[in-house]
Each structure stands twice: as structure tokens, then as C-alpha cells.
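Observations on the model geometry
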Amino acid sequence: AVDELNHVIELEPQNLQAKILLGRVSMMPHRLPDGTVGVSEAGLERAVMNLEGAVQSEPKNVEAQRELATAYEKAGKTDLAKKTWMTVQTLAKDAPANAKAAREAEEALARLK
């Protein structure tokens, strides 16, 4: 999946959905070298990098911001996670279609206090 998404992004550098999906795939648990299942530090770094690119392309995209906030949180970047969750909350507050993202942001901000 990663190779295919990278190929799509190579052909269409502005493809926001491909960047978001690449970030999600990079955060998916898989078998690690020690035999456990989880997300590697390198996977989280790739997710952050790809999702930061997605947010740079479309800063007002709630989905991209939400995925980036999740990646920051999983990577232990608490300050960046809080800031990005606040952005999600601000972007999502007035759009009924984004009610779920607004709730997730509220829960995340309470969790990250």
C-alpha cells in the first residue's frame, strides 16, 4: 500500500487523499523486529511527515488536521498534538458534518491536559 500511495503522490503531488492515506497506513500496527505488534518510531515519523505535507497543502482540511494531531499524539509530541487538536476543534466547530472530529478534538484535549 505504501509503495502504491507513494506512486500516486509522485504522479499527483497535490493529491490530498493519497497523503492522508499514506499517513494512516504509516500509523497502522504491524509485526516489529522484536516480534511484538505495534507502530515503529520510523512509521510514526513517516506518518507525521506525510500528514504535515497534507496540512501544508490544505490547512483548513479537518481530516488532514485530525490525522496529524493523532500522529503527533502517538509520536509523543504532546505540545504539537494539543495545538493541532485545537485547530481541529476550531475548524470543525461550525460544520455539522465535522461533529465527530469536534468531539474527538474535545476528548483529546481533555486527555492531553
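Quick caveat: nothing in here was measured; it's all calculated off a predicted structure.

Re the side chain of lysine 19
Position of lysine 19 relative to the elements: it lies in helix H2 (residues 16-26). Buried and unpaired, lysine 19 has no salt bridge, with glutamate 58 as the nearest side chain of opposite charge at 8.6 Å. A polar contact of 3.0 Å, which involves the side chain of lysine 19, links it to the backbone oxygen of proline 13. Within the structure, the side chain of lysine 19 is placed 2.9 Å from the side chain of serine 57, a separation counted as a polar contact. Apart from residues no more than four positions distant in its own chain, lysine 19 is found in contact with Ile9, Pro13, Gln14, Asn50, Leu51, Gly53, Ala54 and Ser57.

Structural notes on the nonpolar core
Met27, Ala64, Ala71, Trp85 and Val88 are the most contacted members of the largest nonpolar core, which has 25 residues in total. Elements with a minimum of two residues in this core: H2, helix H3 (41-57), helix H4 (62-74), helix H5 (78-92) and helix H6 (99-111). Dropping the residues within four chain positions of it, tryptophan 85 is found in contact with Arg66, Ala69, Thr70, Glu73, Glu104, Ala105, Ala108, Leu109 and Leu112.

Focus: the packing of H2 against H4
Orientation of H2 relative to H4, taken along the N-to-C sense of each, is 20°, at an axis distance of 10 Å. With respect to their mutual orientation, H2 and H4 come out roughly parallel. Of the two possible hands of crossing, H2 and H4 adopt the one that is left-handed. Here Leu16, Gln17, Ile20 and Arg24 of H2 lie close against H4, whose contacting residues are Glu63, Ala64, Arg66 and Glu67. Each residue belonging to the contact of H2 with H4 can be placed in one class, and the counts come to three nonpolar, one polar and four charged.

Looking at the pattern of salt bridges
For the structure shown, the criterion picks out five salt bridges. Between glutamate 63 and arginine 24 there is a salt bridge; the shortest N-O distance is 2.4 Å. Here glutamate 63, found in helix H4, pairs with arginine 24, found in helix H2; they are 39 residues apart in sequence, far enough to count as distant. Judged by its relative accessible area of 24%, glutamate 63 is partly exposed. Between glutamate 67 and arginine 24 there is a salt bridge, with its nearest N and O atoms 2.9 Å apart. Highlighted residues: glutamate 67 in helix H4 and arginine 24 in helix H2, separated in sequence by 43 residues. You can call glutamate 67 buried: its relative accessible area is 7%.

Criteria and thresholds
Residues numbered from 1 in each chain as written. Predicted model: local features only at pLDDT ≥ 70, side-chain atom pairs only at ≥ 80, totals over all residues. Heavy atoms only, no water. Helix = DSSP H or I, 4+ residues; strand = E, 2+ residues; numbered from the N terminus. Buried < 20%, exposed > 50% of the residue type's maximum accessible area, 1.4 Å probe, protein only. Lys, Arg positive; Asp, Glu negative; His and termini not counted. Salt bridge = Lys/Arg side-chain N within 4 Å of Asp/Glu carboxyl O. Polar contact = N/O pair within 3.5 Å; in protein donor to acceptor, adjacent residues only side chain to side chain. Contact = heavy atoms within 4.5 Å. Core = buried A, V, L, I, M, F, W, Y, C linked by side-chain atoms within 4.5 Å. Axes fitted to C-alpha atoms, helices over the stretch in contact; angles between N-to-C directions. Parallel < 35°, antiparallel > 145°, perpendicular 65-115°, else oblique. Left-handed = near helix turned anticlockwise from the far one by under 90°. Nonpolar A, V, L, I, M, F, W, Y, C, P; charged D, E, K, R; others polar.

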